[in-house]
Amino acid sequence: MQEFDKLGAHVERMLAMQAGFAWASPGHMAFGIALDGLETAALHFTGRRHYYDALRRDVRAAPAGAPAGAPDFETLRPYAARLRALQDLCRPFGRDYLALEIAQHALATCAYHFTREAAP
C-alpha cells in the first residue's frame, strides 16, 4: 500500500526520538511499541515483514546512562491524524480498520509511558 510509504517520515521521527534513549531502557522500549504497532499494520496491508527496516539502518541508540528528557509528542500529532484519516477510508471495525487501530493504540501506549495522560 503506497500510503505506508508516506508514513516513512513519521517513522524516521520516532526512530530519532527512540535513539535518544539507552538501548532497552523503558523509553527506548516505549518507542519500540509504537514502531511495532505500525509494522504490524504495514504487514497487514502490504504482506511484507519489517516494512520500515530500511529506515532503521543509521539510527543508533544513546549510550547507557545518557540523560533523555520526555520527547515532544506534539511533533507526532500529524502521524496520529494520518492514521485516523486512513482509518476513515476503511469499513468501520473491519480488518483494515482494526489493523490501523493497532498502530493508534501502540502510539497511545508510547505517549502514556512518558506523559501519564490518556491519548485524546
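Worth saying up front: this structure is predicted, and the values here are computed from it rather than measured.

A. A look at the pattern of salt bridges. Per the stated rule, a full pass over the model turns up 1 salt bridge. Across the salt bridge formed by Glu 74 and Arg 77, the nearest N and O atoms sit 2.8 Å from each other. Classification of Glu 74 as partly exposed rests on a relative accessible area of 47%.

B. The packing of helix H2 (residues 8-18) against helix H3 (residues 26-46), seen in detail. Where H2 meets H3, the closest approach of the two axes is 9 Å, and the angle between their N-to-C directions is 160°. On the basis of their axis angle, the class for H2 and H3 is roughly antiparallel. In this structure, H2 crosses over H3, and the sense of that crossing is left-handed. Judged by residue contacts, Val 11, Met 14, Leu 15, Met 17 and Gln 18 of H2 engage His 28, Phe 31, Gly 32, Ala 34, Leu 35 and Leu 38 from H3. Partitioned by chemical class, the residues of the contact of H2 with H3 number 8 nonpolar, 3 polar and no charged.

Thresholds, definitions, all that
Residues numbered from 1 in each chain as written. Predicted model: local features only at pLDDT ≥ 70, side-chain atom pairs only at ≥ 80, totals over all residues. Heavy atoms only, no water. Salt bridge = Lys/Arg side-chain N within 4 Å of Asp/Glu carboxyl O. Buried < 20%, exposed > 50% of the residue type's maximum accessible area, 1.4 Å probe, protein only. Axes fitted to C-alpha atoms, helices over the stretch in contact; angles between N-to-C directions. Helix = DSSP H or I, 4+ residues; strand = E, 2+ residues; numbered from the N terminus. Parallel < 35°, antiparallel > 145°, perpendicular 65-115°, else oblique. Left-handed = near helix turned anticlockwise from the far one by under 90°. Contact = heavy atoms within 4.5 Å. Nonpolar A, V, L, I, M, F, W, Y, C, P; charged D, E, K, R; others polar.

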